[in-house]
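One letter stands for each residue in the lines below.
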Amino acid sequence: MAEQLPQVPAHSVPDSALRFIGFLSFFDRYGTPPMLLALSLGTSLDFSQAVQLVAAYSLFYAIGQPLWGLASDRFGRLLVLRSALIGAGAGALASIMFSDYAPLLIARCFTGLMFGALYPTLLTLLGDTRHGVERARGLSDLQIYSSLGTTLATLSAGALATYLDWRLVFALPALGSVAALYSLRRLREPQHSRKQF
């Protein structure tokens, strides 16, 4: 009796990891704006400096994406995804350690650069490893869980920072990065059609 072929290719990102990393990327991206006031009250930053943290994070989140795309073509999607998760976790931990403007600004810029790699790399992995309905389902899942990350960050980050500690909002993505790395531990680099430079 012939074995049933799996619906999702063996080397593609598992659905659970895909959803979680999409969620994590947008949770971190949208977690800081709701806690700007709590951040300025709990650190040496004034409100305008707290706003600058968000602007700098967003800038580095955006400008790193073309570089991550080139890196993933040259070195592999999973290598970039894993490297970005390690960097994102380290950046989130560094964000917890500092409360002065300059080091916190550097930590948030680095964190934005790292988190900026996750979503586009997941999209590329979906394109490389899934086809037809499975690709559409993966894209739909990614959008749903990314939206959930945005919504939960918007609703909860301010309350967490106000009633518990602003560091918790940065600690959660650091823990999430470790969990995401663990979920990718068995994956091997998929084949893709893009030319290696």
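Thresholds, definitions, all that
Residues numbered from 1 in each chain as written. Predicted model: local features only at pLDDT ≥ 70, side-chain atom pairs only at ≥ 80, totals over all residues. Heavy atoms only, no water. Core = buried A, V, L, I, M, F, W, Y, C linked by side-chain atoms within 4.5 Å. Buried < 20%, exposed > 50% of the residue type's maximum accessible area, 1.4 Å probe, protein only. Helix = DSSP H or I, 4+ residues; strand = E, 2+ residues; numbered from the N terminus. Contact = heavy atoms within 4.5 Å. Expected span 1.5 Å × (residues − 1). Polar contact = N/O pair within 3.5 Å; in protein donor to acceptor, adjacent residues only side chain to side chain. Axes fitted to C-alpha atoms, helices over the stretch in contact; angles between N-to-C directions. Parallel < 35°, antiparallel > 145°, perpendicular 65-115°, else oblique. Left-handed = near helix turned anticlockwise from the far one by under 90°. Nonpolar A, V, L, I, M, F, W, Y, C, P; charged D, E, K, R; others polar. pLDDT = per-residue confidence, 0-100. Phe/Tyr/Trp six-rings, centres within 6.5 Å; stacked < 30°, edge-to-face > 60°. 1 Å grid on protein atoms, 1.4 Å probe; cavity = no way out; pocket = protein on both sides within 12 Å on 5 of 7 lines; lining within 4 Å. Points joined across faces, edges and corners; volume = space filled by probe spheres on them.

### A few points about the nonpolar core
- Among the nonpolar cores identified, the biggest contains 28 residues, and Val 13, Ile 21, Leu 81, Leu 85, Phe 115, Leu 118 and Leu 184 are the most heavily contacted of them.
- Elements with a contribution of two residues or more to this core: helix 1 (15–31), helix 3 (47–63), helix 4 (65–75), helix 5 (77–97), helix 6 (101–115) and helix 7 (118–129).
- Here this core takes six residues from helix 5, the largest share from any one element.
- Not counting residues up to four positions away in its chain, the partners in contact with Val 13 are Leu 18, Leu 125, Arg 130, Leu 184 and Leu 187.

### Some remarks on helix 9 (residues 166–183)
- Here helix 9 contains 18 residues, and its C-alpha end-to-end distance of 27 Å stays within 8% of the 26 Å for a straight helix at 1.5 Å per residue.
- Taken together, the buried positions of helix 9 are occupied by Trp 166, Val 169, Phe 170, Ala 171, Pro 173, Ala 174, Gly 176, Ser 177 and Ala 180.
- Taken together, the buried residues of helix 9 touch helix 1, helix 2 (36–42), helix 5, helix 6 and helix 8 (132–163).
- N-capping of helix 9 is provided by Asp 165, with a side-chain oxygen placed 2.9 Å from the backbone N of Arg 167.

### A few points about the packing of helix 5 against helix 9
- Following both chains from N to C, one finds helix 5 and helix 9 inclined at 155°, their axes separated by 8 Å at the closest point. When the axis of helix 5 is compared with that of helix 9, the two are roughly antiparallel. Seen along the crossing, helix 5 lies across helix 9 with a hand that is left-handed. Contacts between helix 5 and helix 9 involve Arg 82, Leu 85, Ile 86, Ala 88, Gly 89, Ala 92, Leu 93, Ser 95 and Ile 96 from the first element and Trp 166, Arg 167, Phe 170, Ala 171, Ala 174, Ser 177, Ala 180 and Leu 181 from the second.
- Taken together, the residues of the contact of helix 5 with helix 9 break down into twelve nonpolar, three polar and two charged.

### Re the confidence of the model for the protein
- On average, residues of the protein score 87 in pLDDT, and 90% of them are at 70 or above.
- Within the model, pLDDT remains below 50 along residues 1–10, and this stretch shows six contacts once partners closer than five positions in the same chain are excluded.
- When the criterion is pLDDT under 50, residues 193–197 qualifies, and its contacts beyond four places in sequence or with other chains add up to eight contacts.

### Observations regarding the packing of aromatic side chains
- Under the counting rule described, the total for this entry stands at five aromatic pairs.
- With a centroid separation of 6.0 Å and 20° between ring planes, the pair formed by Phe 23 and Phe 27 is classed as stacked. Separated by four residues within a single helix, Phe 23 and Phe 27 lie in helix 1, roughly one turn from each other.
- Seen from their ring centres, Phe 26 and Tyr 30 are 6.1 Å apart, and the 20° between their planes marks the pair as stacked. Here Phe 26 pairs with Tyr 30, and both are found in helix 1, just four residues apart, close to one helical turn.
- Residue classification places Phe 26 among the buried residues on the basis of a relative accessible area of 13%.

### Points about empty space enclosed by the protein
- Summed over the entire model, instances satisfying the criterion amount to one cavity of 30 Å³ or more.
- Of the pockets and cavities examined, the largest cavity occupies roughly 30 Å³.
- Considering the residues around the largest cavity, the lining is formed by Arg 29, Thr 32, Pro 33, Leu 53, Val 54, Tyr 57 and Arg 108.
- At three residues, helix 3 tops the list of elements feeding residues into the lining of the largest cavity.

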